[in-house]
Amino acid sequence: MLVLGIETTCDETAVSIVEDGVKIFSNIIASQAELHRPFGGVFPEIAARAHVDFIIPTIREALEKANVSAEEIDLIAVAKGPGLIGPLLIGLNAAKALSISWEIPFIGVNHVEAHLYGAMMSHQSFDFPALGVVISGGHTFINRILDVGNYEMIGTTVDDAIGEAFDKVASLLDLPYPGGPEVEALAKLGDPLRFPFKAGKVKGQPWNFSFSGLKTNVLYAVKGQNAHKRDEAKISAEEKCHVAASFQEAALQDIVSKTFVAKEHFGGKAIYIGGGVSQNRRLRELFSEKFASFPVYWPDRDLCLDNAAMIAGLGFHCYKGISDPLDLEPQTRI
Ligand code: KG4
Ligand code: ZN
């Protein structure tokens, strides 16, 4: 079955053609990062307008790159949420329009679930029960995967998502958006033990996360007593590297150690990781040190950040022969 996937939950317009849930024919991503950089984060109205401009050319490009005609597509899969309402509406309406005009079914899938599916499709591995770890700009949680589409939540963040914390720390260090890769690059030059930063523990909930205190640690390290003023960071370029390294180490160690405790408690055959922060090299090192011979599956590089291949792949698995109704609404929350 040939599936055309559409992803427009945030600031990437992405379209992909995938066969039988795993074979990627094309995976096109029109990034809006440049448009949002001046604002230090995603500006929802600009994102929605850019999706309007990009969606048709990106669909065309995905078909051309895959060397596939519209008549050959069997199913449209679209990310129905969670995400920003304007961007979601553009993707969902494009999917409905294609479904009507091409006379094929469409299905809405969950974007966060698709991040975990990215690791499964990268390795063609479906080793359940397993643990899932989602670490993105909008979400941070650990769940039990009983099957594709069957999950139990174990622990989630009580405040910021980890990617959001990376982005906010980047902004404190005067680094451009998106901040995660910038912080990682700076951290390579710094000493991770220089600042005694710590991610939060949530009382009575060993698998929950909290990054807001860690972010405040960084704020005071960067701005000292002037933390309440919105002025430029006053620390030296060298100190910034140490702050980045110490923050990154504390945040990533927290993900690894809570996942380890969850694995000891809940067991399972494997761990699947998804979301933009999975691109981080230091995180992958920490996991391989801690989990040694236990199978930990990462998404391929092209499937870490928001993309439509994971949407098309998951759509293939979720489709049960019946099209979603045309009044399917976007779901902004998880
Ligand atoms: O999954 P994603 O593309 O979008 C959401 O669904 O949120 O994740 C984007 C997030 C951003 O916060 C970005 O800063 C972070 O992933 N990120 C990273 C790295 N690359 C992207 N964080 C840490 N290290 C990285 N190398
Ligand atoms: Zn995402």
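Residues numbered from 1 in each chain as written. Chains lettered and ligands numbered in written order. Predicted model: local features only at pLDDT ≥ 70, side-chain atom pairs only at ≥ 80, totals over all residues. Heavy atoms only, no water.

### A closer look at the site of ligand 1
- In the vicinity of ligand 1 there are 19 residues, among which Gly137, Asp167, Gly180, Glu184 and Gly276 approach most closely.
- Residue Gly137 places a main-chain N or O atom 2.8 Å away from an oxygen atom belonging to ligand 1.
- Gln279 places a side-chain nitrogen or oxygen 3.3 Å from a nitrogen atom of ligand 1.
- Computed on the free molecule, ligand 1 has an accessible area of 560 Å², of which 90% lies beneath the protein chains in the complex.
- One can see that ligand 1 is located within the largest pocket.
- Counting only elements with at least two residues in the shell around ligand 1, the list comes to α4 (111–123), α5 (162–172) and α6 (179–187).
- Per element, the largest residue contribution to the shell around ligand 1 is four residues, and it comes from α6.
- Counting contributing residues per domain, the shell around ligand 1 is built from domain 1 (2–115 + 304–318) and domain 2 (126–294), each supplying no fewer than three. (Near = heavy atom within 4 Å. Polar contact = N/O pair within 3.5 Å; in protein donor to acceptor, adjacent residues only side chain to side chain. Areas by Shrake-Rupley, 256 points an atom, 1.4 Å probe, with all protein chains shown as cover. 1 Å grid on protein atoms, 1.4 Å probe; cavity = no way out; pocket = protein on both sides within 12 Å on 5 of 7 lines; lining within 4 Å. Sits in = over half its atoms within 2 Å of the grid points. Helix = DSSP H or I, 4+ residues; strand = E, 2+ residues; numbered from the N terminus. Domains from an automatic or database assignment.)

### Looking at unusual backbone geometry
- In this model, Gly81 is joined to Pro82 through a cis peptide bond whose omega is -5 degrees.
- You can see Pro82 is positioned in the loop between β4 (75–81) and α3 (85–102).
- Of note, Glu103 is a non-glycine position whose phi angle comes to about 55 degrees, a positive value.
- Looking at where Glu103 falls in the secondary structure, it is placed in the loop between α3 and β5 (106–110).
- A positive phi is found at Asp174, a non-glycine position, where the angle reads about 60 degrees.

### Digging into the coordination of the zinc ion (ligand 2)
- Protein ligation of the zinc ion (ligand 2) involves His111 (NE2), His115 (NE2) and Asp306 (OD), the donor distances falling in the range 2.0 to 2.1 Å.
- One can describe the donor arrangement at the zinc ion (ligand 2) as tetrahedral, given that its four donor atoms subtend angles of 97 to 132 degrees at the metal.
- Read in sequence order, the donor residues coordinating the zinc ion (ligand 2) give the pattern H-x3-H-x190-D. Within this pair, His111 and its partner His115 are both found in helix α4, separated by four residues, close to a single helical turn. In this structure, His111 and His115 share a single accessibility class: buried. (Donors = N, O, S within 2.8 Å, 3.2 Å for Na, K, Ca; no water. Tetrahedral: all angles 85-135°; square planar, octahedral: opposite > 155°, others 65-115°. Buried < 20%, exposed > 50% of the residue type's maximum accessible area, 1.4 Å probe, protein only.)

### Structural notes on the packing of helix α7 (residues 212–223) against helix α8 (residues 237–266)
- The N-to-C vectors of α7 and α8 enclose an angle of 170 degrees; their axes lie 11 Å apart at closest approach. Considered as vectors, α7 and α8 are oriented roughly antiparallel to each other. Residue-level contacts link Leu214, Val218, Ala221 and Val222 of α7 to Val243, Phe247, Ala250 and Ala251 of α8.
- A breakdown of the residues in the contact of α7 with α8 according to their chemical character gives eight nonpolar, no polar and no charged. (Axes fitted to C-alpha atoms, helices over the stretch in contact; angles between N-to-C directions. Parallel < 35°, antiparallel > 145°, perpendicular 65-115°, else oblique. Contact = heavy atoms within 4.5 Å. Nonpolar A, V, L, I, M, F, W, Y, C, P; charged D, E, K, R; others polar.)

### Brief notes about α8
- With 30 residues, α8 ought to run about 44 Å at 1.5 Å a step, and its terminal C-alpha atoms sit 43 Å apart, in line with that.
- Taken from the residues just after α8, Gly267 is the one with a positive phi, measuring 70 degrees. (Expected span 1.5 Å × (residues − 1).)

### Side note on the nonpolar core
- In this structure, Ile162, Phe211, Phe247 and Phe287 are the most contacted members of the largest nonpolar core, which totals 47 residues.
- Secondary structure elements with two or more residues in this core: β6 (130–135), α5, α6, α7, α8, β9 (271–274) and α9 (281–291).
- Excluding residues within four positions of it along the chain, Phe247 makes contact with Ala165, Phe166, Val169, Val183, Phe197, Leu214 and Val218.
- In terms of nonpolar packing, the next biggest core, distinct from the first, is built from 30 residues, Val3, Met121, Ala130 and Val134 among them. (Core = buried A, V, L, I, M, F, W, Y, C linked by side-chain atoms within 4.5 Å.)

### Quick notes on the environment of Phe126
- Inspection of the secondary structure assignment puts Phe126 in the loop between α4 and β6.
- Those residues in contact with Phe126 that lie beyond four places of it in its chain are Tyr117, Met120, Val148, Tyr272 and His317.

### Structural notes on the packing of α5 against α8
- Contact geometry for α5 and α8: axes closest at 11 Å, N-to-C directions at 175 degrees. Taken together, the axes of α5 and α8 are roughly antiparallel relative to one another. The residues of α8 that touch α5, namely those facing Ile162, Ala165, Phe166 and Val169, are Phe247, Gln248, Ala251, Leu252 and Ile255.
- Of the residues belonging to the contact of α5 with α8, the class tally is eight nonpolar, one polar and no charged.

### Focus: the sheet that holds β6
- Read from one edge of the open sheet, five strands run β8-β7-β6-β9-β10, paired in mixed fashion. Pairing within the sheet leaves two strands with one partner each, and these edge strands are β8 (150–156) and β10 (296–297).
- One ladder, built from two bridges, connects β9 with β10; its direction is parallel. By the bridge assignment for β10, Tyr272 is matched with Tyr297.
- Strand contacts of α4: β6, β7 (140–147), β8, β9 and β10, with the helix running at about 120 degrees to β9, the strand carrying the most contacts.
- The sheet contacts of α8 involve β6, β7, β8 and β9, and relative to β6 the element is tilted by about 160 degrees. (Pairing = 2+ DSSP bridges.)

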